[in-house]
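Observations on chain architecture
Letter by letter, the chains look like this.
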Amino acid sequence: MSSRRSSRARAAWGLFRTEFLFLNRDDLPSEDEQFEAYRAAVEAMRDQPVTIRTLDLGADKTVNGADRGGPNPALGLRAIRFCFAEPQMFLTQLRAILRASAYGRVRLLVPMLAHSHEIDLVFQYLQQARDTLEAMNVPYERALEVGGMVEVPAAALAVPLFVRRLDFLSIGTNDLIQYTLAIDRTDDMVAHLYDPLHPAVLQLVAGTIRSAVKAGKPVAVCGEMAGEVAYTRLLLGFGLRQFSMHPMQLLAVKQQVLRSNLADAEALASRILRADDPEKIRQLLGRLNR
Ligand code: PEP
Ligand code: MG
């Protein structure tokens, strides 16, 4: 164990992807149906926070009768853009999440934000959902935390804007890699170009973590990178303390965190950030993981 403890890193909290409620059906789930599903998760987690992500439909997540396709779905009406195009559906989900927030610790996470006005709109819809619940005397958590996913390079590059306006950030490395490297993550023909260690990806991930830490805002990584032991020390070295992953990966990542020396991780991570040669990056990562 290091003299500087890395045990404050949290391999926990996870991400409630709400898409599954919308899959394999022709209709949309009602407010009550969604509320029951969110409440069950919140109650099961007791006093631990549950991060519920608003609907991320489109691109790789298609649903009968709900998604809009488009010539290039990954760049089209996806995630929060789709929700804005279907305001009744979005408001229904927001009310259901707000209602569940009365039963435990809920954090609301919005996928695929890129613009400041999208944050404005999210807050407007949230206020509308709150007003409806108020009018019906339905309880909800007034101090519900609202976070945004950083998964579009524009958000990562303009991250101070997002840090200022949101309560927390979650870096979606799956999409951040896809959009940074211009490769469709569902297309096998370009799968070989999908590289979490590309210097541009590392700059965006490290810069986002740095800005959030500087502003005192919680930041997690919730893409696959967080669950891969090969990247645990690198992310720790970038300053990450919240890792969100599939439960299957928890023990291995936790063990790696406990076996890490923060000072070494920080030193090598900053050398990796300064390197632009992919071979050199891989070599330094190998040293970091020894
Ligand atoms: C991501 O993009 O990294 C992410 C966590 O979201 P999803 O994989 O569901 O798009
Ligand atoms: Mg994503």
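Scroll up to find the structure this text is about.
The structure reproduced in this document is the subject of the present report. (Residues numbered from 1 in each chain as written. Chains lettered and ligands numbered in written order. Predicted model: local features only at pLDDT ≥ 70, side-chain atom pairs only at ≥ 80, totals over all residues. Heavy atoms only, no water.)

Describing the site of ligand 1
Our working rule: When at least one non-hydrogen atom of a residue lies within 4 Å of a molecule or strand, that residue is treated as near it. Within 3.5 Å is the distance limit for a polar contact, defined as a pair of N or O atoms, with the added protein rule that one can donate a hydrogen and the other accept it, and that residues adjacent in sequence qualify only through two side-chain atoms. Only the protein chains shown count as cover for residues, with accessible areas throughout obtained via the Shrake-Rupley method and a probe of 1.4 Å. Numbering of helices and strands runs from the N terminus, with a helix taken as a DSSP run of H or I at least four residues long and a strand as a DSSP run of E at least two residues long. Any residue that is not Ala, Val, Leu, Ile, Met, Phe, Trp, Tyr, Cys, Pro, Asp, Glu, Lys or Arg is counted as polar, Gly included; the first ten are nonpolar and the last four charged.
Surrounding ligand 1, one finds 14 residues, the nearest of these being Arg53, Lys61, Gly172, Asn174 and Arg185. Arg53 places a side-chain nitrogen or oxygen 2.9 Å from an oxygen atom of ligand 1. Against a free-state accessible area of 290 Å², the protein chains account for coverage of 99% of ligand 1. It is helix H7 (residues 173–181) that provides the largest number of residues to the shell around ligand 1, a total of 3 residues. Residue classes in the shell around ligand 1 are distributed as 2 nonpolar, 4 polar and 8 charged.

Notes on the environment of His192
For clarity, the cut-off: Burial classes follow relative accessibility: with a 1.4 Å probe on protein chains only, a residue under 20% of its type's maximum area counts as buried, one over 50% as exposed, and anything between as partly exposed.
Structurally, His192 is set in the loop between H7 and helix H8 (199–215). Looking at His192, the relative accessible area reads 63%, which means it is exposed. Spatially, the C-alpha atoms of His192 and Ala212 are 31 Å apart, while their sequence positions differ by 20 residues. Engagement of the side chain of His192 in a polar contact is seen with the backbone oxygen of Met189, the distance being 3.4 Å.

Examining the packing of aromatic side chains
Operational definition: Any pair of Phe, Tyr and Trp rings, taking the six-membered ring for Trp, is counted once the centres come within 6.5 Å. Such a pair is stacked with planes under 30 degrees apart, edge-to-face with planes over 60 apart, and tilted for the rest.
Evaluation of the coordinates by the stated rule reveals 6 aromatic pairs. Here Phe16 and Tyr38 contribute two aromatic rings whose centre-to-centre distance is 5.5 Å and whose plane-to-plane angle is 80°, an arrangement assigned as edge-to-face. Taken as a pair, Phe16 in strand E1 (residues 16–17) and Tyr38 in helix H1 (residues 31–44) lie far apart in primary sequence, 22 residues in all. The class for Tyr38 is buried, based on a relative accessible area of 0%. Summarising the aromatic geometry, the rings of Phe84 and Tyr125 are spaced 6.0 Å apart at their centres and angled 20° between planes, so their arrangement reads as stacked.

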